[in-house]
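# Coordinates in review
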Amino acid sequence: MRRLFRLFHRGFPSRLTVASIWGTFALGALLAGCATPPPADDPDAVAEYREANDPLEPTNRVFYVINDGVDAVVLRPLALAYRWAVPEVVRTHTHNLLANLGSPVVLVNDTLQAKPGRMGDTSMRMLINTTIGVAGIFDVATGWGFPAHDSDSGMTLALWGVPEGPFLYLPVLGPSNPRDAVGFGLDYVEDPFTWVGRGEIVDALGWARFSLTALDTRSSLIDTLDKIKAQALDPYATFRSLYRQHRRSQIDEARAAD
Amino acid sequence: MLTRRLMLSLPLVAALAGKAGIARADQLDQASGFIQQTGNELTAVINGSASAAQKQDQLQAVVDRAVDVDGVARFCLGRFWRTASPAQQSAYLGLFRHVLMLSLTGKLGDYQGVSFVMGKPAAREGGVLVATVINRPNAPASKVDWLVGTDSGSPKIIDVVAEGVSMRQTQRSDYLSFLGQHGNSVQALIDALKQQTGKPQAGG
């Protein structure tokens, strides 16, 4: 569960602009429109509508169907192939390496959230895993008492008191909300790898990181997502609920941390 | 509810209402002991040497004793519980129980070798939330909180919160949204649940 939505917060390719995603989103919004709120004299229905907090539901569902279709024919088969072809030990090391590449953004957000304990953990993790852990391939730090935690700009904004806003299902990125969508853009800006050089090698490495992140995340979720889709009567609503609860739990954990 | 919140947030009020404070502490202990006992029963079933069918029966017995299945089912149906006919209510309760058991027995294999560590109980709206950490071989430790309802006198589990995700809240979102997509027809939900319990559960 912890990693369920990580893909949507990490490792997006440096060359794919957020603007183009929003362009597609705006187009979809024009095509599908808004949900109709229930009549005000039905308080139960109104309460339910507020609980769902999804005024753009028809549009969101269009993107869910598109993403799900792409996932079924592209991402899931690739993830299955990855899990089949690559030994587990290599996949674990790949995951560690990717997590280490993501740690500068974690550190920036620990700092912005004013969490010195977490800043210490992240700094020690970067230091230990990048050196003794051979560029992050081995996660030595966890065993040494510096466990990993989640931290991103969406969570930082939440701790700063920014409300989450209505639910959004974004093309490619999946479940989100305005706060997390802005946070996603901030994560991109905060990532030092966004700002290192330009050129074919840098581009290739950026894409390699993105592709591996997608494979790593999706392959770790094959069973979880298959189960949710098999058991949910309305998978879209289930993902919406899971996403929100997961984010709230991450935010609560960050708030309680020192 | 409001008075309870006030009591929790204002120690002064709690100190003045000495008796109520003691009752609250009792409830915390009771809920904690109940989860400890139920956890022991569950791990004994899961890690036991019985056959899969026997384990299923044992699990059913623990669930019937420890979980307020009907209460959870009603929560998941939200406002539609009241509009459903008595026949629909009873059909729904039966199907809900079936779906829950299918989902739990499907997980038995994944939890072989499971153990748990008790955490602290805390008062919540509607009951006591008891924290545990669940350890399984070859899997990271996971935080699971149990919401224990104490209103009815004997404690019963009314929600399981795994890594911050409430099972009953997720189920409720699923059902209510399904109903919204199907003209608010409880019968459509019942039919869908029938279909779900009829077919083999993919991956449990």
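Summarised in this report is the structure supplied together with it. (Residues numbered from 1 in each chain as written. Chains lettered and ligands numbered in written order. Predicted model: local features only at pLDDT ≥ 70, side-chain atom pairs only at ≥ 80, totals over all residues. Heavy atoms only, no water.)

## Quick look at the overall build of chain A
The number of helices and strands found in chain A is twelve helices and two strands. Along chain A, helices and strands appear, N-terminal first, in the series α-α-α-α-α-α-α-β-β-α-α-α-α-α. Here chain A holds 258 residues, and the buried ones make up 45% of them. Contacts spanning at least 24 positions in sequence make up 72% of the contacts within chain A whose residues lie at least 6 apart. Counting every atom, chain A has about 12,300 Å² of accessible surface; 69% of that belongs to carbon and sulfur. (Helix = DSSP H or I, 4+ residues; strand = E, 2+ residues; numbered from the N terminus. Buried < 20%, exposed > 50% of the residue type's maximum accessible area, 1.4 Å probe, protein only. Contact = heavy atoms within 4.5 Å. Areas by Shrake-Rupley, 256 points an atom, 1.4 Å probe, with all protein chains shown as cover.)

## A word on helix α5 (residues 69-77) of chain B
Residue and element names in this part refer to chain B. Along α5, the positions that sit buried rather than exposed are V69, G71, V72, A73, C76 and L77. Contact partners of the buried residues in α5: α4 (52-66), α6 (80-83), α7 (86-107), β4 (156-162), α8 (167-181) and α9 (186-198). Just downstream of α5, G78 is the residue with a positive phi angle, here 55°.

## Section: the interface of chain A and chain B
Counting residues at the interface gives 24 residues for chain A, matched by 29 residues for chain B. Interface of chain A and chain B: buried area, both sides summed, is about 2,200 Å²; carbon and sulfur atoms make up 44% of it. On the chain A side of the contact with chain B, A:E48, A:Q231 and A:L233 bury the most area, a combined 30% of that side's loss. Scanning the region where chain A abuts chain B turns up four salt bridges. Among the salt bridges present, the one from A:E51 reaches B:R172, with a minimum N-O distance of 3.3 Å. Joining chain A to chain B, the criterion identifies 16 residue pairs in polar contact (both at pLDDT 80 or more). At the level of secondary structure, the elements contributing two or more residues to the side of chain A that touches chain B comprise α2 (43-52), α3 (57-85), α11 (222-231) and α12 (235-256) of chain A. Here the side of chain A that touches chain B gets nine residues from one element, more than from any other, and that element is α12(A). For the side of chain A that touches chain B, a count of residues per class yields seven nonpolar, six polar and eleven charged. (Buried area = accessible area lost by both parts, 1.4 Å probe. Salt bridge = Lys/Arg side-chain N within 4 Å of Asp/Glu carboxyl O. Polar contact = N/O pair within 3.5 Å; in protein donor to acceptor, adjacent residues only side chain to side chain. Nonpolar A, V, L, I, M, F, W, Y, C, P; charged D, E, K, R; others polar.)

## Looking at the packing of α3(A) against α12(A)
Residue and element names in this part refer to chain A. One way to put it is that α3 packs onto α12 with a least axis distance of 11 Å and a crossing angle of 100°. Judged by the inter-axis angle, α3 sits roughly perpendicular to α12. Taking contact as the criterion, the partners of E57, N60, R61 and Y64 in α3 are, on α12, P235, Y236, F239 and R240. When the residues that make up the contact of α3 with α12 are grouped by side-chain class, the tally is four nonpolar, one polar and three charged. (Axes fitted to C-alpha atoms, helices over the stretch in contact; angles between N-to-C directions. Parallel < 35°, antiparallel > 145°, perpendicular 65-115°, else oblique.)

## Focus: the pattern of salt bridges
Under the criterion given, the structure shown has 23 salt bridges over all chains. In this structure, B:R79 engages A:E48 in a salt bridge whose closest nitrogen and oxygen atoms are separated by 2.5 Å. Residue B:R79 is found in the loop between α5 and α6, and its partner A:E48 is found in helix α2; the two belong to separate chains. Taking the relative accessible area as the measure of exposure, A:E48 reaches 17% and is therefore buried.

## A closer look at unusual backbone geometry
We note that A:A135 has phi near 60°; this positive angle belongs to a residue other than glycine. With respect to the element layout, A:A135 can be found in the loop between α5 (116-131) and α6 (140-143). For A:A135, a relative accessible area of 41% gives the class partly exposed. In this model, B:N184 sits at a positive phi of 55°, which is unusual for a non-glycine residue. Along the chain, B:N184 falls in the loop between α8 and α9. With relative accessibility at 39%, the residue B:N184 sits in the partly exposed group.

## Some points on α2(A)
All of the buried residues in α2(A) are A:A45, A:V46 and A:E48. Buried positions in α2(A), seen along its axis, are confined to an arc of 160° and lie on one side of it. Facing away from the buried side of α2(A), by more than 90 degrees, are the exposed residues A:P43 and A:R50. Where α2(A) is buried, its residues contact α6 and α8 of chain B. Positive phi shows up at A:N53, right after α2(A), with a value of about 45°. (Arc of directions from axis to C-beta.)

## Re the packing of aromatic side chains
Under the counting rule described, the total for this entry stands at eleven aromatic pairs over all chains. With centroids separated by 5.5 Å and ring planes inclined at 90°, the aromatic side chains of A:Y64 and A:Y169 adopt a geometry described as edge-to-face. On the criterion of sequence distance, the pair formed by A:Y64 in helix α3 and A:Y169 in strand β1 (residues 168-170) is long-range, its members being 105 residues apart. A:Y169 shares its class with A:Y64; the two are buried. Seen from their ring centres, B:Y92 and B:F96 are 6.0 Å apart, and the 50° between their planes marks the pair as tilted. Separated by four residues within a single helix, B:Y92 and B:F96 lie in helix α7, roughly one turn from each other. (Phe/Tyr/Trp six-rings, centres within 6.5 Å; stacked < 30°, edge-to-face > 60°.)

## Quick notes on the side chain of A:S176
Tracing the backbone shows A:S176 in strand β2 (residues 174-176). From its side chain, A:S176 meets the backbone nitrogen of A:A181 in a polar contact 3.4 Å long.

## Considering the sheet that holds strand β2 (residues 127-136) of chain B
Residue and element names in this part refer to chain B. Taken in spatial order, the five strands make up an open sheet running β1-β2-β3-β4-β5, and their pairing is antiparallel. Looking along the sheet, the strands with just one partner apiece sit at the ends: β1 (115-124) and β5 (165-166). Where β1 lies against β2, eight bridges are found, and the strand directions are antiparallel. When the bridges of β2 are listed, P121 appears paired with V130. (Pairing = 2+ DSSP bridges.)

Purely geometric numbers; function is a separate question.
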